[in-house]
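Chain by chain, the residues:
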Amino acid sequence: QVQLVESGGGLVQAGGSLRLSCAASGSIFSINVMGWYRQAPGKQRELVTVMHSDGRTSYLDSVKGRFTISRDNAKNTVFLQMSSLKPEDTAVYYCNAVLQTMGSPYKFEYWGQGTQVTVSS
């Protein structure tokens, strides 16, 4: 059983910062990709940023230069540092991981429960 547990969401004024964390736990053999998606009311879920096991990253254009993803591989944890937040960043942020569990040759995708980020103008 694998769990992704997020923390760090909340309410912040425009221009402020927040840091999200997501810890993966369970019988994990290896994690290929960890990242963050978000879903605003009435909109589709979108990819915000991902980091591969080799350190490669990608970002949604609208967050480039403002958001930074990082990982602590020893703790199976991914972080999202969000700065210069805008009201349009308001959404539920979901942690995502593609990983391989102990004893399995396959990789599966897992999701966290989501954490609300609200940016007031």
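Residues numbered from 1 in each chain as written. Predicted model: local features only at pLDDT ≥ 70, side-chain atom pairs only at ≥ 80, totals over all residues. Heavy atoms only, no water.

Where two aromatic rings form a pair, the distance of their centres and the angle of their planes describe that pair. In the structure shown here, the tally under the stated rule is one aromatic pair. Centroid distance Tyr 37 to Trp 111: 4.9 Å. Interplanar angle 65 degrees. Geometry classified as edge-to-face. With Tyr 37 in strand 4 (residues 28-39) and Trp 111 in strand 10 (residues 107-111), this pair connects stretches of sequence that are 74 residues apart. Owing to a relative accessible area of 35%, Trp 111 belongs among the partly exposed residues under this scheme. (Phe/Tyr/Trp six-rings, centres within 6.5 Å; stacked < 30°, edge-to-face > 60°. Helix = DSSP H or I, 4+ residues; strand = E, 2+ residues; numbered from the N terminus. Buried < 20%, exposed > 50% of the residue type's maximum accessible area, 1.4 Å probe, protein only.)

Ranked by internal contacts, the top residues of the largest apolar core, which has 28 residues, are Met 34, Trp 36, Phe 67, Met 82 and Tyr 93. Elements with a minimum of two residues in this core: strand 3 (18-25), strand 4, strand 5 (46-52), strand 7 (67-72), strand 8 (77-82), strand 9 (91-101) and strand 11 (115-120). No other element matches the five residues that strand 9 contributes to this core. Discounting chain neighbours no more than four positions away, the residues touching Phe 67 are Arg 38, Val 48, Tyr 59, Leu 80, Gln 81, Met 82, Ser 83, Leu 85, Asp 89 and Tyr 93. (Core = buried A, V, L, I, M, F, W, Y, C linked by side-chain atoms within 4.5 Å. Contact = heavy atoms within 4.5 Å.)

Scope: geometric values only; no functional claims are made or implied.
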